[in-house]
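# Coordinates in review
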Amino acid sequence: MELLKQRILKDGRALSEQVLLVDSFLNHQVDVKLMQACGEEFARRFADAGVTRIATIESSGIAPAAMTALAMDLPLVILKKSVSSILKDGIIQREVFSFTKNAPYLLTLKTHFVTPGDNVLLIDDFLANGEAAFGGIALLEKAGAKIAGVGAVIAKTFQPGMDKLRAAGYRVEALAPVKAMSEGKIEF
Ligand code: 5GP
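Attention here is on the structure that accompanies the text. (Residues numbered from 1 in each chain as written. Predicted model: local features only at pLDDT ≥ 70, side-chain atom pairs only at ≥ 80, totals over all residues. Heavy atoms only, no water.)

### What to know about the packing of aromatic side chains
Scanning the entire structure with this criterion turns up zero aromatic pairs. The ring of Tyr 105 is capped by Lys 81, whose NZ or CZ atom sits 5.3 Å from the centre of that ring. (Phe/Tyr/Trp six-rings, centres within 6.5 Å; stacked < 30°, edge-to-face > 60°. Lys NZ or Arg CZ within 6 Å of the ring centre and 35° of its normal.)

### Observations regarding the pattern of salt bridges
A complete count under the given rule lists ten salt bridges for this structure. A network of salt bridges, in which partner residues are shared, links Glu 41, Arg 44, Arg 45, Asp 48, Arg 171 and Glu 173. (Salt bridge = Lys/Arg side-chain N within 4 Å of Asp/Glu carboxyl O.)

### Considering the site of the ligand
Neighbouring the ligand are 16 residues, the closest being Leu 20, Asn 129, Gly 130, Ala 132 and Lys 156. A distance of 2.7 Å separates a nitrogen atom of the ligand from a polar backbone atom of Leu 20. At a separation of 3.2 Å, an oxygen atom of the ligand approaches a polar side-chain atom of Asp 125. For the ligand, whose unbound accessible area comes to 500 Å², protein coverage reaches 91%. Looking at the shell around the ligand, the elements that each hand over two or more residues are β7 (119-127) and α5 (131-142). No other element matches β7, which puts four residues into the shell around the ligand. The residue inventory of the shell around the ligand, partitioned by class, reads seven nonpolar, five polar and four charged. (Near = heavy atom within 4 Å. Polar contact = N/O pair within 3.5 Å; in protein donor to acceptor, adjacent residues only side chain to side chain. Areas by Shrake-Rupley, 256 points an atom, 1.4 Å probe, with all protein chains shown as cover. Helix = DSSP H or I, 4+ residues; strand = E, 2+ residues; numbered from the N terminus. Nonpolar A, V, L, I, M, F, W, Y, C, P; charged D, E, K, R; others polar.)

### Focus: the environment of Thr 52
In this fold, Thr 52 is placed in the loop between α3 (32-45) and β3 (53-57). On the basis of relative accessible area, Thr 52 is assigned to the partly exposed category, the value being 32%. For the pair Thr 52 and Ala 148, spaced 96 residues apart in sequence, the C-alpha separation works out to 8.8 Å. Here Thr 52 is in contact with Leu 74, Pro 75, Asp 118 and Asn 119, once residues within four sequence places are set aside. Among the polar contacts listed, one links the side chain of Thr 52 to the side chain of Asp 118, at a separation of 2.8 Å. At 2.7 Å, the side chain of Thr 52 and the backbone nitrogen of Asn 119 are in polar contact. (Buried < 20%, exposed > 50% of the residue type's maximum accessible area, 1.4 Å probe, protein only. Contact = heavy atoms within 4.5 Å.)

### Thoughts on the sheet that holds strand β9 (residues 172-178)
Read from one edge of the open sheet, five strands run β4-β3-β7-β8-β9, paired in parallel fashion. The open sheet is flanked by β4 (76-79) and β9, the only strands paired with a single partner. Here the strands of the sheet are splayed against their neighbours by 20° on average, with no regard to which way each runs. As judged from the four bridges shared by β3 and β7, these two strands associate in the parallel manner. The residue bridging Arg 53 from the neighbouring strand is Val 120, located in β7. Packing against the sheet, α3 makes contact with β7, β8 (146-156) and β9, and its axis sits at approximately 135° to β9. Each of β3, β4, β7 and β8 is contacted by helix α4 (residues 62-72), which is oriented at about 175° to β3, the strand it contacts most. (Pairing = 2+ DSSP bridges. Axes fitted to C-alpha atoms, helices over the stretch in contact; angles between N-to-C directions.)

Below, the structure is given as structure tokens:
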């Protein structure tokens with residue numbers, strides 16, 4: 001997606017060979033119009049996939065996932081990274097290792113919000129090692145859903161997540177596949 005790639009080149013910053021900072025339009029401040037364009041692009045790419053529900057992981061996946069849900073006119077469910085005291089009944093959890101926090105957390109889904117037989121499109125901001133995506137998929141499948149695909153706004157294709165998901169049989173679409181990075185340099 002050219003618009004997104006240009007924005008990454010303009011405002012993104014490779015902090016190292018592994019970490020890309022895009023907090024001025026995706027992770028902290030959010031360019032809602034750009035997210036809307038991302039949602040429309042996901043809707044176009046997955047138009048033939050029979051999607052019945054969008055899922056994402058809080059918090060940075062919410063903006064692009066909400067825009068995808070809007071473009072596809074589908075419900076959105078947000079997988080939680082922390083559990084509040086009011087979220088008790090009917091929850092399932094899975095430990096996921098956080099790329100950015102370098103620590104595990106419990107990804108949580110209230111099964112009430114997934115209907116068995118749902119065909120879910122999982123949207124996230126980044127795809128790196130695939131931990132978050134595989135954790136989300138495990139919870140959604142446990143709740144009885146099928147996975148229509150995984151959509152990443154940015155996929156660092158030099159890290160193993162994308163290949164691992166495809167090898168496991170999942171369809172993956174990345175709007176901006178990053179081939180390589182080094183400090184101050186980003187290659188698509
Ligand atoms: P994975 O679970 O695929 O290893 O990593 C995906 C998650 O880690 C995403 O949800 C995202 O929040 C975070 N992440 C991974 N790589 C990056 C990165 O380079 N920059 C930022 N800002 N977040 C990342």
